[in-house]
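So the chains spell out like this:
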Amino acid sequence: MNARKKIEVSGLRLSFGDKEVLHGISFDVYAGEILGVIGPAQSGKTSLLRCINRTIEFTPGARVGGRIAVDGQDVQHVKDVHGLRRKIGMVAPLPVGLPLSIYDNVAFAPRAAGARDRAWLDGHVEQCLRQAALWDEVKERLDVLGTKLSGGQQQRLTIARALSHQPEILCLDEFSIAIDPVTTMRIEDVLKELSRDMTIVLVTNLVQQARRLAARTLFLWNGHIVELDRTEVVFSDSPGDRRTYEYVNGIFG
Amino acid sequence: MSLPRSPERPAGRGRLAVLFEQAIELLIRLCGISAIVFVFGIFFFVFREGAPYLAQLDLGAFLFSSDWYPSNDPAHYGAGALLLGTLSVTLLAMLMAVPFGLGAAVFVSEFSAPRTREVLKIVIELLAAVPSVVWGFIGMSVLGPLIKDVFQVPLGVNMFNAALLLALMSVPIIVSIGEDALKAVPDSYREAALALGATRWQTVFRMLFPAAKNGLLAAVLLGVGRAIGETMAVLMATGHSARIPTSLFDPVQTLTATIAAELGEARQGSEHYQVLFLIGVLLFTLTFAVNLTADLVVKGIRRK
């Protein structure tokens, strides 16, 4: 694959206080691909995503070493961190509907970026909610608080919100924990479609989800990359590392 | 393979323990009810003292006339100027205290380093510990001359002076309650807003304020309550003159200061005495209305 590198991670180290959670990992994400990231709990998947959009710095005691570049630009030295974050849509693992109305949740990022035109916002909010497979359920009550929605609906609201600032990169952190299988499938279809003009990093505990969606899959374990290869290889009978085979087949201890 | 057996279930709790539980519950219930009893009790006794005058009370004159001449013959009891005095001083104080207090709360909760935060909180709480008579003293002897010089006005003790003191007295309440309200907003909300590319100010204005609005409203209203009820400082710093003010630097007289200054002189059971208690009822109604409005507003927000 000789596509353009969208995200370059090299020698990334992350520690909280004395405890190092990412031990110098390196990988690239190519423009327009879906990269699956799998691995057991506590292996550093979420922290990895938070390093990319630099929200990790809100955790006291977090220290980042190594280099992450987005479009060739080192995120640690980027001048406009807000611009960087707008370039990256982030879907957090717990549904975090902001305590605003559904409409305002989705319009939050465009407004923060300066959008004021009501007609444009209306259309944009609708489009994002449709993409997140939520529109039909909420179109009658856009002024209800986002926090009043059910867990699964809030999860989709966060997806709509992540799409609202038209990011070039979409990071999904276990987006389907609270969503039923049918809706998950609908969103997976949307993701496939979005990946035509978006780079997607998909962190998931459902290994089959990575298999369905990702072009390449990265197996992260205890802060190390065990394996990163084309998804067919990772899920084949003979991946590069035995532990990968054991993990994706559920044998892993 | 047999699972390890859990130990024998403990025997049912003794009847004593059950009784104890019920006693505690009763006690807690009493504590809850007592608050209501006290509020109604206070209202009842204040009202009873003033009630005999109600028969001859001209409500319009009482509320809107500015003729407060309790020692004339016949006496005039027009509390309009006093009511206006209380309202204007409180409003002016809040115009100063609310932006300042909320700003300080945002700074302490969101922007300051942990060390600065600790120091600031201690200093702010110290501000709340200054007795109101000391504030009054500062108003008379420090602020008064200063205002006279800076604004070139004949009297240093006036509405502006008192409002400034009341603002300083309500700021600590607004800051500490406001900070609690902001701190209660989960960090995940902040991170979500920031991850959406919002700046810290946008996060504060567009996410934090809407999220914490109930608590912030409570903070402001407690500040209002403090300002309306304050007596000593306003008695010393308003100039205490029952006239309709026409400028910020006119002396005014408040409801509270009137009661404090005149109740000692009024013969018990006299007309003047009864009217002063009716002023107490008026004050009570005022604070009740403020709190009720707040409750309704908060409920309105919640229903949405």
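Residues numbered from 1 in each chain as written. Chains lettered and ligands numbered in written order. Predicted model: local features only at pLDDT ≥ 70, side-chain atom pairs only at ≥ 80, totals over all residues.

J.: Mind showing me how you'd approach the overall build of chain A here?
T.: Along the backbone of chain A there are ten helices and ten strands. In terms of overall size, chain A behaves like a compact globule, its C-alpha atoms giving a radius of gyration of 18 Å where 253 residues would be expected to give roughly 18 Å. The buried share of chain A, taken over its 253 residues, is 43%. A fraction of 67% describes how many contacts in chain A between residues 6 or more apart in sequence connect residues 24 or more apart. (Helix = DSSP H or I, 4+ residues; strand = E, 2+ residues; numbered from the N terminus. Rg over C-alpha atoms; globule rule 2.2 N^0.38 Å. Buried ≥ 20, exposed ≤ 12 C-beta atoms within 10 Å, placed from the backbone. Contact = placed C-beta atoms within 7 Å.)

J.: Looking at this structure, I do not really get the overall build of chain B. What am I missing?
T.: Helix and strand counts for chain B stand at twelve helices and two strands. In sequence order, the secondary structure elements of chain B are arranged as α-α-β-β-α-α-α-α-α-α-α-α-α-α. Structurally, chain B occupies a C-alpha span of about 100 × 55 × 35 Å along its principal axes. When burial is assessed residue by residue, chain B has 37% of its 304 residues classed as buried.

J.: Help me understand helix α8 (residues 200-211) of chain B in this model?
T.: For an α-helix, 3.6 residues make a turn, and residues three or four places apart therefore share a direction. Taken together, the buried positions of α8(B) are occupied by B:Gln202, B:Thr203, B:Arg206, B:Met207, B:Leu208 and B:Ala211. Considered in projection along α8(B), the buried side chains sweep an arc of 160° and stay on one side of the axis. On its buried face, α8(B) sits against α3 (102-112) of chain A together with α6 (159-183) and α7 (187-195) of chain B. (Arc of directions from axis to C-beta.)

J.: Where do I start with the domain arrangement of chain B in this structure?
T.: Where the parts come together, the accessible area they lose is often given as the size of the interface. Looking at the assigned domains, one finds that chain B contains domain 1 (17-56) and domain 2 (90-262). Using C-alpha coordinates to define each centre, domain 1 of chain B is positioned 32 Å away from domain 2 of chain B. (Domains from an automatic or database assignment.)

J.: How should the environment of A:Val248 be read in this particular structure?
T.: All names here are of chain A. Tracing the chain through its elements places valine 248 in helix α10 (residues 242-248). The spatial distance from the C-alpha of valine 248 to the C-alpha of phenylalanine 219 is 9.3 Å, given a sequence separation of 29 residues. For valine 248, the residues in contact, after removing those within four places along its chain, are Val207, Val234 and Phe235.

J.: Mind showing me how you'd approach the sheet that holds strand β9 (residues 216-221) of chain A here?
T.: Residue and element names in this part refer to chain A. Here six strands make up an open sheet; going across it, the order is β6-β7-β8-β3-β9-β10 and the pairing mixed. The open sheet has two edge strands with one neighbour each: β6 (88-91) and β10 (224-230). In this sheet, neighbouring strand axes are inclined to one another by 15° on average, regardless of whether the strands run parallel or antiparallel. Here strand β3 (residues 34-38) runs beside β9; their pairing, made up of four bridges, is parallel. Its bridge partner being in β9, leucine 35 is matched across the sheet by arginine 216. The strands touched by helix α6 (residues 151-164) within the sheet are β6 and β7 (169-173), with β6 carrying the most contacts at an inclination of about 170°. (Pairing = 2+ DSSP bridges. Axes fitted to C-alpha atoms, helices over the stretch in contact; angles between N-to-C directions.)

J.: Whenever I open this one, the packing of helix α4 (residues 114-129) of chain B against α6(B) confuses me. Can you help?
T.: When two helices pack together, their arrangement is given by the angle between the helix axes and by the axis-to-axis distance. Residue and element names in this part refer to chain B. With their axes 8 Å apart at the nearest point, α4 and α6 run at an angle of 140° to one another. Viewed along their axes, α4 and α6 adopt a mutual orientation that is oblique. In this structure, the crossing between α4 and α6 has a hand that is left-handed. Note on element contacts: α6 touches α4 through Val171, Pro172, Ile173, Val175 and Ser176, opposite Ile124, Glu125, Leu127 and Ala128. Classifying every residue of the contact of α4 with α6 by side-chain character gives seven nonpolar, one polar and one charged. (Parallel < 35°, antiparallel > 145°, perpendicular 65-115°, else oblique. Left-handed = near helix turned anticlockwise from the far one by under 90°. Nonpolar A, V, L, I, M, F, W, Y, C, P; charged D, E, K, R; others polar.)

J.: Would you take a moment to explain helix α9 (residues 213-229) of chain B for this structure?
T.: Taking 1.5 Å per residue, 17 residues should reach 24 Å; α9(B) reaches 24 Å between its end C-alpha atoms and fits that length. Turning to α9(B), its buried residues are B:Gly215, B:Leu216, B:Ala218, B:Ala219, B:Val220, B:Leu221, B:Gly223, B:Val224, B:Arg226, B:Ala227 and B:Ile228. (Expected span 1.5 Å × (residues − 1).)

J.: Teacher, can you tell me more about the interface of chain A and chain B here?
T.: Listed per partner, the contact involves 20 residues of chain A and 17 residues of chain B. Counted by class, the side of chain A that touches chain B contains 13 nonpolar, four polar and three charged residues.

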